[in-house]
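Structural overview for review
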Amino acid sequence: MVQKAQATNASVDVTGVLLHRGDWFMQLLEGPKVYVDFIRRKILADPRHTSIRILGDSEEIGGKRIFAGWSLVYKKLDEDTSELSDLMEQLIQLKRKCTPFELMQLMQRFH
């Protein structure tokens, strides 16, 4: 699945990161809005994905790419990656979208 996503992303100039821990995933996509929205709709329509939550929009980050040059960075996190796990849990528990600073703070750790 990751290799297919990398190929798709590269073909439409989308970059980003996919984080995986246990039974959940967190993804950031960056690139032309039309293609990011297309990929987002594909993810939302895929029945394998459940409990999807949009934490923020790439446009809110100010147009700067964190993962320029990477069609999709994949990171599998250990359950005991406590600092990162704590931050991710806090973001997941938010009842609002993340601020651009919060998104940047999390995702830059994986660059």
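Residues numbered from 1 in each chain as written. Predicted model: local features only at pLDDT ≥ 70, side-chain atom pairs only at ≥ 80, totals over all residues. Heavy atoms only, no water.

1. Focus: the overall build of the chain
Cut-off, in case you're wondering: Numbering of helices and strands starts at the N terminus; helices are DSSP runs of H or I of at least 4 residues and strands are runs of E of at least 2. The contact definition used throughout considers only heavy atoms, calling two residues in contact when any of these lie within 4.5 Å. Method for areas: the Shrake-Rupley scheme with a 1.4 Å probe, in which residue coverage is limited to the protein chains shown.
Of regular secondary structure, the chain possesses four helices and three strands. When the helices and strands of the chain are read in sequence order from the N terminus, they spell out α-β-β-α-β-α-α. Expressed as a percentage of contacts within the chain between residues at least 6 apart in sequence, the contacts between residues at least 24 apart total 70%. Counting every atom, the chain has about 7,100 Å² of accessible surface; 54% of that belongs to carbon and sulfur.

2. A closer look at the pattern of salt bridges
To be explicit about the condition: Whenever a carboxyl oxygen of Asp or Glu lies within 4 Å of a side-chain nitrogen of Lys or Arg, that contact is scored as a salt bridge. Here's how the labels work: a residue is buried when its accessible area is under 20% of the maximum for its type, exposed when over 50%, partly exposed in between, all with a 1.4 Å probe on protein chains only.
Under the criterion given, the structure shown has two salt bridges. Of the charged contacts, one joins D37 and K33 as a salt bridge, the two residues approaching to 2.9 Å between their closest N and O atoms. Of this pair, D37 and K33 both sit in helix α2 (residues 33-45), four residues apart, which is roughly one turn of that helix. Here K33 falls in the partly exposed class, since its relative accessible area comes to 45%. One salt bridge connects R48 with D46, and the closest N-O pair in it is separated by 2.5 Å. According to the relative accessible area criterion, R48 is exposed, its value standing at 61%.

3. What about α2?
To keep things clear, this is the line we draw: By this rule the span expected of a helix is its residue count minus one, scaled by 1.5 Å. This arc is taken over the directions from the axis of the helix to the C-beta atoms.
The terminal C-alpha atoms of α2, which comprises 13 residues, lie 18 Å apart, in line with the 18 Å expected from a rise of 1.5 Å per residue. What α2 keeps buried is the set V36, D37 and I39. Down the axis of α2, the smallest arc covering the buried residues is 165 degrees, so these residues share one side. Facing away from the buried side of α2, by more than 90 degrees, are the exposed residues V34, R41 and A45. Check the buried side of α2 and you find it contacts α1 (2-11) and β2 (24-30).

4. What about the environment of G69?
In this structure, G69 sits in the loop between α2 and β3 (73-76). Judged by its relative accessible area of 78%, G69 is exposed. With 56 residues separating them along the chain, G69 and D13 place their C-alpha atoms 9.1 Å apart.

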